[in-house]
Amino acid sequence: ATLIGASTPVEQALQIVAGQSDKPRESQKLQTMRSEVIEGQKLSQAMERQRDLFQPLYCSMVAAGENSGNLGDVLSRLADYLERREHMKRKLMTALIYPIALSVTAFAVVVALMVFVVPRVVEQFDSMGRELPLLTRVMIGLSDLVVSFGWVMAFAFLVLGALAVRAYRQEALRRRVHGFLLGLPFLGGPIRKVEAARFSRTLASLIGSGVPTLQSFEAARMVLGNLVIRSEGEAIVHSLKEGGSVARALGQVQFLPPLVVHMAAAGQNSGQLPEMLNKAATYLEEEFEAITEAALNLLEPAIIIIMGGVVTTIVLAILLPILQFNSLALS
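What you are looking at is a predicted structure, and each value in this text was computed from that prediction instead of being measured. (Residues numbered from 1 in each chain as written. Predicted model: local features only at pLDDT ≥ 70, side-chain atom pairs only at ≥ 80, totals over all residues. Heavy atoms only, no water.)

### Some thoughts on the confidence of the model for the protein chain
- Of all residues in the protein chain, 97% have pLDDT values of 70 or greater, and the mean over the chain is 85.
- Least confident of the elements in the protein chain is helix H6 (residues 71-128), whose mean pLDDT is 82; most confident is helix H3 (residues 24-38), at 92. (pLDDT = per-residue confidence, 0-100. Helix = DSSP H or I, 4+ residues; strand = E, 2+ residues; numbered from the N terminus.)

### Quick word on the environment of Ile-16
- Tracing the chain through its elements places Ile-16 in helix H2 (residues 10-20).
- For the pair Ile-16 and Ala-164, spaced 148 residues apart in sequence, the C-alpha separation works out to 44 Å.

### What about empty space enclosed by the protein?
- Using the criterion set out here, one finds one cavity of 30 Å³ or more in the structure.
- The volume enclosed by the largest cavity comes to roughly 50 Å³.
- Along the walls of the largest cavity sit Val-118, Val-121, Val-122, Phe-125, Thr-136, Met-139, Ile-140, Ala-317 and Ile-318, which together make up its complete lining.
- Contributions of two or more residues to the lining of the largest cavity are made by H6, helix H7 (134-168) and helix H14 (273-330).
- Per-element accounting of the lining of the largest cavity gives the leading share, four residues, to H6. (1 Å grid on protein atoms, 1.4 Å probe; cavity = no way out; pocket = protein on both sides within 12 Å on 5 of 7 lines; lining within 4 Å. Points joined across faces, edges and corners; volume = space filled by probe spheres on them.)

### Focus: the layout of surface pockets
- Within this model, the largest pocket holds a volume of roughly 990 Å³.
- Lining of the largest pocket is provided by 34 residues; of these, Met-88, Leu-92, Val-194, Phe-288 and Thr-292 occupy positions nearest its centre.
- Counting only elements with at least two residues in the lining of the largest pocket, the list comes to H6, helix H8 (171-183), helix H9 (188-208) and H14.
- Partitioned by chemical class, the residues of the lining of the largest pocket number 19 nonpolar, five polar and ten charged.
- Along the wall of the second largest pocket there are 22 residues; nearest its centre are Ala-1, Val-17, Phe-54, Leu-75 and Leu-82.
- Sort the elements by how many residues they give to the lining of the second largest pocket and H6 lands first, with five residues.
- Of the residues in the lining of the second largest pocket, the class split is 19 nonpolar, one polar and two charged. (Nonpolar A, V, L, I, M, F, W, Y, C, P; charged D, E, K, R; others polar.)

### Looking at the packing of aromatic side chains
- This structure, assessed with the given rule, holds two aromatic pairs.
- For the pair Phe-199 and Phe-217, a centre-to-centre distance of 6.2 Å together with 55° between the ring planes defines the contact as tilted. Linking Phe-199 in helix H9 with Phe-217 in helix H10 (residues 213-222), this pair joins segments that are 18 residues apart in sequence.
- Classification of Phe-199 by relative accessible area gives buried; the value is 2%.
- Summarising the aromatic geometry, the rings of Phe-199 and Phe-255 are spaced 5.8 Å apart at their centres and angled 85° between planes, so their arrangement reads as edge-to-face. With Phe-199 in helix H9 and Phe-255 in the loop between helix H12 (246-250) and helix H13 (258-270), this pair connects stretches of sequence that are 56 residues apart. For the residue pair Phe-199 and Phe-255, the accessibility class agrees, reading buried in each case.
- Among the aromatic residues, ring-to-ring pairing joins Phe-199, Phe-217 and Phe-255 into one connected group. (Phe/Tyr/Trp six-rings, centres within 6.5 Å; stacked < 30°, edge-to-face > 60°. Buried < 20%, exposed > 50% of the residue type's maximum accessible area, 1.4 Å probe, protein only.)

### Overview of the nonpolar core
- Phe-199, Phe-217, Ile-236, Leu-250 and Leu-256 are the most contacted members of the largest nonpolar core, which totals 55 residues.
- In terms of residues, this core owes the most to one element, H9, which gives eight residues.
- Contact partners of Leu-250, with chain neighbours within four places excluded, come to Phe-199, Phe-217, Ile-236, Leu-256, Val-261 and Ala-264.
- Judged by nonpolar contacts, the second largest core, of 13 residues, contains Val-118, Leu-132, Ile-140 and Ile-318. (Core = buried A, V, L, I, M, F, W, Y, C linked by side-chain atoms within 4.5 Å. Contact = heavy atoms within 4.5 Å.)

### Let's talk about H3
- Here H3 spans 21 Å end to end across 15 residues, near enough to the 21 Å set by a 1.5 Å rise per residue.
- Among the residues of H3, Ser-27, Lys-29, Leu-30, Met-33, Glu-36 and Val-37 are the ones counted as buried.
- In this structure, the buried residues of H3 make contact with H2 and helix H4 (43-48).
- Of the residues one or two after H3, Gly-40 is the one with positive phi, at around 115°. (Expected span 1.5 Å × (residues − 1).)

### Considering the pattern of salt bridges
- Applying the stated criterion across every chain, the model contains eleven salt bridges.
- The partner of Glu-285 in a salt bridge is Arg-84, and the shortest N-O contact between them spans 3.9 Å. Residue Glu-285 is located in helix H14, and its partner Arg-84 is located in helix H6; the two are separated by 201 residues in the primary sequence.
- Note that Arg-221 is salt-bridged to Glu-234, the shortest N-O span being 3.7 Å. Pair noted here: Arg-221 is in helix H10 and Glu-234 is in helix H11 (residues 227-241), with a separation of 13 residues, a long-range link.
- Judged by its relative accessible area of 10%, Arg-221 falls in the buried class.
- What you see here is one network of salt bridges that share partners, running through Arg-25, Lys-29 and Asp-52. (Salt bridge = Lys/Arg side-chain N within 4 Å of Asp/Glu carboxyl O.)

Structure (structure tokens):
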């Protein structure tokens, strides 16, 4: 976008970008695209042959930019769209690092207690020859189970995980899972918000790049990750094919908040539909980030409390027999 915006020829821009890439395979593909452009093909046509690098959505936007003579502006708009999406992904992954590390540490501590500490203490209790409290007997049983069948349980867990991943590739199962997630009280709302933001941002980029309205809505619908919501998007395309307005078409689906519908109507009336959709997407993304940040802030102390409760239970299971035996000895 920067090079073409500075009036650099497309083939020269591809040469420079290919030289900057630190991945030989990617650089080779860009050089292939450059050769095709030199032979007289359009950039969008060269991109379509590299589907592992460029999604159909990107190719459509670039083709629209070539047809309208605004290739630099379209590439800049596409770059902004991708940077915003990657920013959300990185921010979410960064926020999840600490809770994940904390969960792994807590699990490792509990396993270490059950495998190394509890069996040693049990040896001392066995020499006393007295009946142990119920909590201690339960903890000893769990410890024996982990020590004897821990590897079997871990292997079974991996096998079940692999089978679940394989089964999840089936569209029917994914649709049921996606519908279940949308029905959850504290998860369905954020999913709808992030999908609505993704749909609005993509739609704004496509329409702003000069892609025809109907084609833009169809492409924006396909970027939705939730299959149930993607199916709802078919109603938008169907309404537009029948000649309905953009606001009316958007109002027929449940996953879009009223804010998006009203801003789309205002944008259509004022001729600023892409700008209004971008503003709606920005608002929804900020709202989603606020919800995610609050949830993660609550997740960290929740993990600590759960870990402390488990460790406390194990310690009580060890201390109860000692206290019981001391009281019997004193009496």
